[in-house]
Amino acid sequence: MLKRIKAEKLFKALSKLLYSYGLTKKKSNRVSSLLINADLSGQGSHGVTRVPIYLDKLEKGHLKVSAKTKIISQTATTASLDGNWGFGQLAADYAIKLCIKKALKNNVSCVTLKKANHIGRLADFTNQAAKKKLICIAFSNLHGTSHIVSPFGGIDRKLPTNPIAISTPGPKKDLFEMDLSTSSIAEGKVKINHFLRKKMEKGFLLNFFGKITQNPKDLYFEPKASILPLGGLAGHKGYALALAVDVLAGALSKAGCSSNKKNQHGNAVTFIAINIQPFTSLKIFKNNLNDLYKHVKSSRLQKGFKKILVPGEFERESRKIFNKKGILLDKITINNLNQLFKKQKLNFSF
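On a predicted model such as this, the values are computed, not experimentally measured, just so you know.

Parameters at a glance
Residues numbered from 1 in each chain as written. Predicted model: local features only at pLDDT ≥ 70, side-chain atom pairs only at ≥ 80, totals over all residues. Heavy atoms only, no water. Pairing = 2+ DSSP bridges. Helix = DSSP H or I, 4+ residues; strand = E, 2+ residues; numbered from the N terminus. Axes fitted to C-alpha atoms, helices over the stretch in contact; angles between N-to-C directions. Contact = heavy atoms within 4.5 Å. Buried < 20%, exposed > 50% of the residue type's maximum accessible area, 1.4 Å probe, protein only. Phe/Tyr/Trp six-rings, centres within 6.5 Å; stacked < 30°, edge-to-face > 60°. Lys NZ or Arg CZ within 6 Å of the ring centre and 35° of its normal. Disulfide = S-S within 2.5 Å. Polar contact = N/O pair within 3.5 Å; in protein donor to acceptor, adjacent residues only side chain to side chain. Patch = residues over 30% accessible without salt bridge, like charges linked within 9 Å, V, L, I, M, F, W, Y side chains within 5 Å. Areas by Shrake-Rupley, 256 points an atom, 1.4 Å probe, with all protein chains shown as cover. Salt bridge = Lys/Arg side-chain N within 4 Å of Asp/Glu carboxyl O. Lys, Arg positive; Asp, Glu negative; His and termini not counted. Charge placed at Lys NZ, Arg CZ, Asp CG, Glu CD. Parallel < 35°, antiparallel > 145°, perpendicular 65-115°, else oblique. Nonpolar A, V, L, I, M, F, W, Y, C, P; charged D, E, K, R; others polar.

Draft legend 1. Structural context of the sheet that holds strand E3 (residues 78-86). Strand order in the open sheet made by the 7 strands is E2-E3-E4-E11-E5-E6-E7, with mixed pairing throughout. Strands at the two margins of the open sheet, each flanked by one partner only, are strand E2 (70-74) and strand E7 (175-181). For this sheet the average axis-to-axis angle between neighbouring strands, irrespective of direction, equals 15°. Across the sheet, helix H8 (residues 282-297) lies against strand E5 (134-141), strand E6 (163-169) and E7, angled at about 115° from E6, the strand it touches most.

Structure follows, in structure tokens:
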């Protein structure tokens, strides 16, 4: 059900595919590299499996190939952007680069983005700021749509997965890289389990009748299940975080919060960047992170655990493995890609 494909081969194929749909070579390369990096980082839910969805939206007119991200308003430290329903990765790339530029000049910055299609892995953008020796925080909602998460104490689908990402410089060359959904699991991971016909672990899904289900199919077929908020018995915390993301990403960007209004599906994002230097030296900052890492890693291990990881460590280890051995793709995603290659008369097949 799973097949390994070398990242280089996958990049070349995806870039040619996106180019055949009208993206410039430079933009095709950028979108492809970000999607593949999600897979390399062990986050396949935000990677190559999304390509058929993007191209379906393009054919339906919901995604515009030639769209340009525009600045609606800005100050020295802020900006409001409109992605004009182009590729989300390109709009978010533009937004984070502007946010970085403002923070490097003025120490802090905040940039909002609305009307962007799916942006992919949020940490791929906050990491760009961390590499410039900045702290970066990001919040993303779904433009008021994609209600697949139940509120704490509820059964019905009322919220999106609403992710949060935080990246900072790390003790050495590695980054502190946190990227998580405010739901108990990302929707894309449920979809992959559905493709693989693999049972979910208990505690992720609640069926239409309010009972825990382990069948990922229940999320996609009537009567539809919902994803539970992050936190298990303390799910009120994940639920509160989800609402906060809707406020910070949706309300602030004017994209809108989750509601019964009919909005186009997409991402709205708020990026906040902070320059470390006015507060402390980079050396002291990194030393503090180093002390923190050593402190938590010195804990005795629970049964079944080999070591304690810090944010970003899993992704770095995944990138080493998948760059060497190849990215794992499920059979359905491979078949979907092969059909698109054939449709566009491209000489690729996995």
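Draft legend 2. Layout of the sheet that holds strand E9 (residues 212-213). Strand order in the open sheet formed by 3 strands is E9-E8-E10, and the pairing between neighbours is antiparallel. Only two strands of the sheet have a single neighbouring strand rather than two, namely E9 and strand E10 (226-227). With 2 bridges joining them, strand E8 (residues 205-206) and E9 adopt antiparallel strand pairing. From the neighbouring strand, Leu 206 faces E9, where its bridge partner is Ile 212.

Draft legend 3. Representation of helix H3 (residues 51-59). What H3 keeps buried is the set Val 51, Pro 52, Tyr 54, Leu 55, Lys 57 and Leu 58. For H3, the elements touching its buried residues are helix H1 (7-20), helix H2 (25-40), helix H4 (88-106) and helix H10 (331-343). Just downstream of H3, Gly 61 is the residue with a positive phi angle, here 85°.

Draft legend 4. Structural context of the environment of His 236. Examined against the element boundaries, His 236 turns out to sit in helix H7 (residues 235-253). Among the residues examined, His 236 registers a relative accessible area of 39% and is labelled partly exposed. His 236 sits 78 residues away from Phe 314 along the chain, and the two C-alpha atoms are 27 Å apart.

Draft legend 5. Focus on the packing of aromatic side chains. Applying the stated rule across the entire model yields 5 aromatic pairs. Relative to Phe 87, the ring of Tyr 54 lies with its centre 6.2 Å away and its plane at 85°, an arrangement referred to as edge-to-face. One end of the pair, Tyr 54, is in helix H3; the other, Phe 87, is in the loop between E3 and H4, and 33 residues separate them in sequence. A residue is classified by how much of its surface remains accessible, and Phe 87, at 4% relative accessible area, is buried. Ring plane angle 50° and centroid distance 5.8 Å describe the contact between Phe 341 and Phe 348, whose orientation is recorded as tilted. Of the two residues examined, Phe 341 and Phe 348, each falls in the buried class. Aromatic ring contacts, followed pair by pair, group Phe 341, Phe 348 and Phe 350 into a single cluster. Above the face of the Phe 221 ring, Lys 217 is positioned so that its terminal group lies 5.5 Å from the ring centre.

Draft legend 6. The state of the cysteines, seen in detail. The full count for this structure, using the stated rule, is 0 disulfides. Looking at the unpaired Cys 99, the closest cysteine sulfur is the one in Cys 136, lying at 5.5 Å. Classification of Cys 99 as buried rests on a relative accessible area of 0%. Counting only cysteine sulfurs, Cys 110 is the nearest neighbor of Cys 257, a cysteine outside any disulfide, at a range of 15 Å.

Draft legend 7. Molecular detail of the side chain of Asn 267. If you trace the backbone, Asn 267 turns up in strand E11 (residues 267-275). Judged by its relative accessible area of 5%, Asn 267 falls in the buried class. Among the polar contacts made by the side chain of Asn 267, one reaches the main-chain amide nitrogen of Ile 119 at a distance of 2.9 Å. At a separation of 3.5 Å, a polar atom in the side chain of Asn 267 contacts the side chain of Ser 140. Ignoring anything within four residues of it in the chain, the contact list for Asn 267 reads Leu 113, Lys 114, Lys 115, Ala 116, Asn 117, His 118, Ile 119, Ser 140, Asn 141, Leu 142 and His 143.

Draft legend 8. Representation of the pairing of E7. Of all the 7 residues making up E7, 5 are buried; the element is thus mostly covered by neighbouring parts of the structure. Summarising the sheet, E6 and E7 pair through 7 bridges and their orientation is antiparallel. Among the inter-strand pairings, Thr 168 is bridged to a residue of E7, identified as Phe 176. The loop that links E6 with its antiparallel partner E7 comprises 5 residues.

Draft legend 9. Examining a positive patch on the surface more closely. On the surface, Arg 4, Lys 6, Lys 324 and Lys 325 cluster together into a positively charged patch. Among the secondary structure elements, Lys 324 is positioned in helix H9 (residues 313-325). By relative accessible area, which is 65% here, Lys 324 ends up exposed.

Draft legend 10. Here's a closer look at the packing of H3 against H10. As a packed pair, H3 and H10 sit with axes 9 Å apart at the nearest point and diverge in direction by 45°. It follows that H3 is oblique to H10 by the angle criterion. Contacts between H3 and H10 involve Val 51, Pro 52, Leu 55 and Glu 59 from the first element and Asn 336, Leu 337, Leu 340 and Lys 343 from the second. Looking at side-chain class alone, the contact of H3 with H10 contains 5 nonpolar, 1 polar and 2 charged residues.

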